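Summary of structural features
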Amino acid sequence: MSRWLSQQARFILAAFCLLTAGGGFALTQLPVSLFPTIQFPRLAVSLEAGDRPVDQMEALVTRPVEDALRAVPGVRNIRSQTSRGSAEVSVTFDWGGDIVTAALQSESELARLAPSLPPGFAFQIRRMDPTIFPVMGYSLTSDTLSQVEMKTFAQFTLRPLIASIDGVVEVSVLGGRDAEYEVLVDPARLKARDLSVLDVETAISTSNIVSASGRLEDQSRLYLTIVDDQLTGAEDIGNIVLKSLAGGGAVEVSDVADIRLAVAPDWTRVTADGKPAVLLNIRQSPDANSLALTTAVKNTIARERVAFPKDLTLTSYYDQSDLVVSAAGSVRDAILIGTLLAGLVLLFFLRSLRLVLIVAILLPSVLAATALLLMVMGQSLNIMTLGGMAAAVGLIVDDIVVMLEHVARRLAEGTKGVLEAASEMLQPLVGSSFATIVVFTPLAFLSGVTGGFFKALAITMASSLVLSMIFAMTVVPVLARTLARKEDAIRAEGAAGWLDGLARAYAGLMRKLLGHARVAAFLLVVAALGAGTLSSSRIASGFMPQMDEGGFVLDYVAPPGLSLTETDRLVSQMEEIIQTIPDVASYSRRTGVQLGGGLTEANEGDMFIRLTPFPRRPIEAVMSEVRQRVAESVPGLEIETIQLMGDLIGDLTAVPQPIEVKLYGNDPGSLSIAADQALLALEGVRGVVEVRKSDRTAGDAIVVRLDRTALAFEGLDPADVGAQLQTLVGGRSAGAILAGQRSLNIRLWSPPELRQRVPQIEDLMLRAPDGHLVPLERVASVETVSGQAQSSRENLQPMTAVTGRLEGRDMGSAMVDVRQAIGALALPAGVRYEFGGLYAEQQKSFNDLMAVFAAAFLLSGLLLLFLFKSLSQAVSILGVVGLSVAGVLTGLVLTGTELNISAMMGLTMVIGIIAELGVFYFAELEGDGATHDDRISAGQARLRPILMSALIAILALAPLALKVGQGSALLAPMATAIISGLIVGAPLVLIAAPLIHAALSRRSVAAP
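Residues numbered from 1 in each chain as written. Predicted model: local features only at pLDDT ≥ 70, side-chain atom pairs only at ≥ 80, totals over all residues. Heavy atoms only, no water.

**Notes on the sheet that holds strand E20 (residues 638-643)**
Taken in spatial order, the 6 strands make up an open sheet running E14-E13-E18-E19-E17-E20, and their pairing is antiparallel. Strands at the two margins of the open sheet, each flanked by one partner only, are strand E14 (275-276) and E20. Both strand E17 (residues 551-557) and strand E19 (residues 604-611) contribute to a ladder of 7 bridges, which runs antiparallel. The partner of Val557 across the bridge, within E19, is Glu604. Sitting on the sheet, helix H21 (residues 619-633) is in contact with E17, E19 and E20, with an inclination near 175° to E20. (Pairing = 2+ DSSP bridges. Helix = DSSP H or I, 4+ residues; strand = E, 2+ residues; numbered from the N terminus. Contact = heavy atoms within 4.5 Å. Axes fitted to C-alpha atoms, helices over the stretch in contact; angles between N-to-C directions.)

Pasting the structure below:
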C-alpha cells in the first residue's frame, strides 16, 4: 500500500482537487428546499354531487366510490368523510409503490363508475406530498379597489405572471368576488304576458351563440362563415325578444325582468390583517428549488410592481424561504462552530498547526464531495441532508485524526515513515469506518414518515463517511508526507503530558478490575440495566421533534348551522385579539374554505399567523395565549392551533392530531353516545386540549316536501317544481358574456324581496303548464330541519373519531392516561375503539426503528466477527454498545429530551460509533490469547485517540444539541442521544471492553 501511495501521489492529489472542485460546483447547483422529496403513498379524492342529504350522499356516492377504489392494487386503507353533497376520501397505499400509477388507476376506476352515479357527480384526485401547502402566499388588499377588481387583477395579471416561473406548479386565487349579470324575473309580469321562467332561460341561451357555418372560396380566398350573436352587456340581454305580439310589437326580457351587473353570491370570506383580501397561493413542484423559486417570484413582482394599481397593497403572508434560509443557516453555523471546536481540540492534543491544517483542508473537501454525491443521487440541500453533514463532522474528523495520530506516533518513535505508518492503519481504519457505515444499511429499508424524512440524512452521513474513509486512506498520508515533520510528531507526542498521568491511573485501575473481571463486568451490566430501566420509566416520548417555524395554522369552528355572516362576526372578534399580540407580524384568514383543501362548511375555516423574527417569545407560548384568550373572549368559537410542519405531516398521514380515538359501530346512535363519552374522558386528561369530534354538523336545511296529489291537480310534476325552485331560490345559469379575458355568468333569478326570509319560500309562485300561478304552499309543505352530522367511514366501516392535541405534556405519558380513561368507559354494545392519529404513526415508526436497531446491532456483530475472527472480541464490543444504550436513555432523561424518531436515529448511530472505537482498541490486541498487561497496554495506546475522537464528535455535535438556530431543533434529539452515548461509551470502550473480554477468555480457558 505504501508503494502504491508513493507512486500514485500526484494522481491522488489531482483526483482530490477534482472531487473538491466538483463538490463546490455541486453546492451551487443543488436545489434548496425545506424537506427531502417524499412520495407519500396517499391520494385525496374530493367528491361533489349537488346538495343531497348526508345519508343519500353516503349511500349513492361515497360507498360505491369506496368499493371502486378498493379494487386499485396496493390500497392499504380507505377513509372517508361525507357531508351534504360532498365527500372527501383518503386512500393510503403501501410505501414504495408508484403513486403516479396509483393515481391514474384510481382516476380510471372512478371514470368507469361515474355513469352509474347520480347526475352532477364530479371528482378530483390529488396526490399528497409536502408541496400541498404553498411555498409562498401573498395577500392583496386595497381601500379603493373592489373585491371584483382585486380578484380580476390576481386571476388575469398576477397568476399568469407567476405561473410562468420555473418550478411553479400551481397558482391558486382565494377570496374576492366574481361579477355576473343578474336577470331578476318578476313572476307577476311573466304571468301577465303568459310566459314562464323556462321561456326566458331558453330565449337567453339561444340568443347568445357563436358558431361556424362552413367555408367557401371566392376570388382566390378561403373564407370561414361565422354566425355571431354574442351578447355584450345588460342592454343586449334586455333586448332579447321572448315572443312577438299580434299587433306587431314584441315582448322583450326587459319587459318581465330587471337586468343588472352585480356580484355573484359567495359563501366564503377571506381577509388579511383585518381587511377583505384576495390570497394568491403559490405551490411548487416536488423537485423544485424552493430558494430559487421564491427569489424569482420576488424579483418578478418587484420588476412588474410599477404597473400594478396604485392603491393595491401586496403583502407576503407566508414565505417558506424564510424558514429554509434560517434552518439552513443554523445548520451551516452548527457545522462551522463544530469544526472550529474540533480544531481547537486537535490543537490542544497535537500542538501542531501543520497537522491541524491537514484536517482543515480535508473536512470541507469531504463535505463538498458529499454534495457531489448527493447531486448524482438526485437529492437536495434540505434540513435533513444538511443535518447529516453536521452530524458527520465529528466522524469525518475522527477518521482523519486516527490516521494522523498513528502516523505521528510512528514518526516520533522513528521506526517507520509516513506511508509505512499509514499502511499499518489501513485495516483498522477500514474496519472501524465500516462499523459505522454498516449501521446505515438497514435505514434504506425504512418506510413511513421516518423513512421519508430520515433516509436522506442516513444517505448523506453514509456518503460522507465513505468519502472520509477513502480520503483518510489516501489523501491524508500524501498530505502528511508533504506537510508533517518529525518535529511535529515529537511535539504532538509530548503535547499532552497530563495524559501520561491519566494513563498510569488507568493502568492502576484496570489491574484491580481485571483481577476480578467477572464480578466487575457483572456489576457494570447490573448498573447499566438499573440505569436503563429507571430512565426508560421516566423518559418522555414524542413523534417528530418540534421546532419554532415562525408561524402556525389556527383552525376554527363556529356553532353548527351558524350563518356565514355571524361566523364572520365571531372570527372578526378573534382577529381583534390576534392583532393585539405583539409577537404577530401578519395573518391571513379563510372562512368556508381552508388552506389545505378538504371538506369545509360555512361556519369553519383557518388562519395562518406569521410571527415576528427573533427575539420574541417561543411559538408555543404565543399559541397558548391565543388559545386561552379566544376561549375567554369569544364563546362558541372552537379553535385548534398547530405549526405548519405538524399540520403538513398530519395532512399527509390523514390525521394531524397527536391523539385520536377511533370508534367503530354499525348503529349511528350508539356511535354518537360513545363519541360523547370519549370526548368527556379526553377532556379530563391532564395536558390534552382542543378535544373535538371529527363528524361536525352541517347547517340547517329548508325541506320542501311535495304533495303528489296536489301536484297532479295543478298539472305540475316534481321535476318541474324542482327546476323552478332552483331558479327562484338559488338562481340558474343561462349562459355567459365575454368581457375581455373574463367570462361573466348570466344568472336567472327572482327578485331579492321574494326570497329574503324562510317564510317567503312558501309564497313563491310556480307556473303550471296551462299558465296559471300556484303558490308553493298549495302543493308542498315547507319546514326547517336541524343540520345533519357528517358521516365518517374507514375501510368500509362506519366510524367516528375524537381527537385532541397536547399542551405542556409529552405524547407517551399522555397516552398512558388516555388509554386508562378510554379503557374505563362502558361503551354501548357493538362499539369498539382503536387509537390512531400521530400516536399510531409514532408506534409504527418506533417499531420500524427498533427493527433497524436490531438489524444494525446484528450487522455490526457480523462485521466484528469478520474483522477479528474472535467471538469474544466481537461480544466485548457489542457488550459496550449495549451498556452505552443505558447511557443514551439516561442522557435523554437528564436533558429533558423526548425519545422521538430523531433520538431513535441517534440511538441507532451510537451502535456504529461505539463499535468504531472498539475496533481501534482491539486492533492493538493479538487474538484471544492476550494477557491483562496486553489489555492495559492496548488501552494506554488508544487512550489519546479515543479521547480525541469522542471529544471531537461531542463538540462537533454540541451546536445541534444546544439548538443553535432555527433548524437545529429537528436534529437536537439525535445529537443529544449521540453525545450521551459517547460520554458513557468512550470510557467504557477502555474499561468495560477489556473486562468483558477477560471474563469471556477465562471462561473459554476453563471449559473442557
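**A look at the sheet that holds strand E5 (residues 136-142)**
Here 4 strands make up an open sheet; going across it, the order is E6-E15-E5-E16 and the pairing antiparallel. With partners counted over all chains shown, the strands left at the sheet margins are strand E6 (168-175) and strand E16 (312-319), one partner each. Between one strand axis and the next, the sheet turns by 20° as a mean value, whatever way the strands run. Both E5 and strand E15 (residues 278-284) contribute to a ladder of 5 bridges, which runs antiparallel. The residue of E15 that forms the bridge with Leu140 is Val278.

**What about the confidence of the model for the protein chain?**
Per-residue confidence for the protein chain averages 86 on the pLDDT scale, and 96% of its residues sit at or above 70. Within the protein chain, the lowest mean pLDDT, 64, falls on helix H17 (residues 486-495), and the highest, 94, falls on strand E7 (residues 179-185). (pLDDT = per-residue confidence, 0-100.)

**Some points on the packing of helix H10 (residues 290-304) against helix H11 (residues 320-350)**
In a packed pair of helices, the relevant descriptors are the angle between the two axes and the axis-to-axis distance. For the pair H10 and H11, interaxial distance at closest approach is 9 Å and the crossing angle is 135°. Taken together, the axes of H10 and H11 are oblique relative to one another. Viewed along their axes, H10 and H11 form a crossing whose handedness is left-handed. Two secondary-structure elements touch here, H10 through Ser290, Leu291, Thr294 and Lys298 and H11 through Gln320, Ser321 and Val325. Each residue belonging to the contact of H10 with H11 can be placed in one class, and the counts come to 2 nonpolar, 4 polar and 1 charged. (Parallel < 35°, antiparallel > 145°, perpendicular 65-115°, else oblique. Left-handed = near helix turned anticlockwise from the far one by under 90°. Nonpolar A, V, L, I, M, F, W, Y, C, P; charged D, E, K, R; others polar.)

**Observations concerning the packing of helix H12 (residues 353-376) against helix H16 (residues 448-483)**
Between H12 and H16, the least distance of the axes is 8 Å, while the angle of their chain directions is 145°. The handedness of the crossing between H12 and H16 comes out as right-handed. In contact with Arg354, Leu357, Ile358, Ile361, Leu362, Ser365, Val366, Ala369, Thr370, Leu373 and Leu374 of H12, H16 contributes Ile459, Thr460, Ser463, Ser464, Leu467, Ser468, Phe471, Val475, Val476, Leu479, Ala480 and Leu483. Looking at the contact of H12 with H16 residue by residue, the classes come out as 16 nonpolar, 6 polar and 1 charged.

**Details of the domain arrangement of the protein chain**
Under the domain assignment, the protein chain is made up of domain 1 (1-30 + 351-484), domain 2 (39-128) and domain 3 (548-556 + 566-643). Look at where the C-alpha atoms of domain 2 and domain 3 centre, and you get two points 31 Å apart. (Domains from an automatic or database assignment.)

**Details of the packing of aromatic side chains**
The final tally for this structure, using the stated rule, is 8 aromatic pairs. Judged by centre distance (5.1 Å) and plane angle (75°), the ring pair of Phe153 and Phe308 falls under edge-to-face. Separated by 155 residues along the polypeptide, Phe153 in helix H5 (residues 147-163) and Phe308 in the loop between H10 and E16 bring together distant segments of the chain. Judged by relative accessible area, which is 12%, Phe153 ranks as buried. Residue classification places Phe308 among the buried positions, given a relative accessible area of 8%. (Phe/Tyr/Trp six-rings, centres within 6.5 Å; stacked < 30°, edge-to-face > 60°. Buried < 20%, exposed > 50% of the residue type's maximum accessible area, 1.4 Å probe, protein only.)

**Topic: the side chain of Gln320**
With respect to the element layout, Gln320 can be found in helix H11. Residue Gln320 is classed as buried on the basis of its relative accessible area of 11%. Not counting chain neighbours up to four residues away, the residues in contact with Gln320 comprise Leu34, Pro134, Val135 and Ser290.

**Let's talk about unusual backbone geometry**
Residue Phe614 is joined to Pro615 through a cis peptide bond whose omega torsion reads 5°. Unlike most non-glycine residues, Glu690 shows phi in positive territory, near 55°. Mapped onto the secondary structure, Glu690 falls in strand E22 (residues 688-693). Notably, Leu796 is not glycine yet its phi reads approximately 70°, a positive angle.

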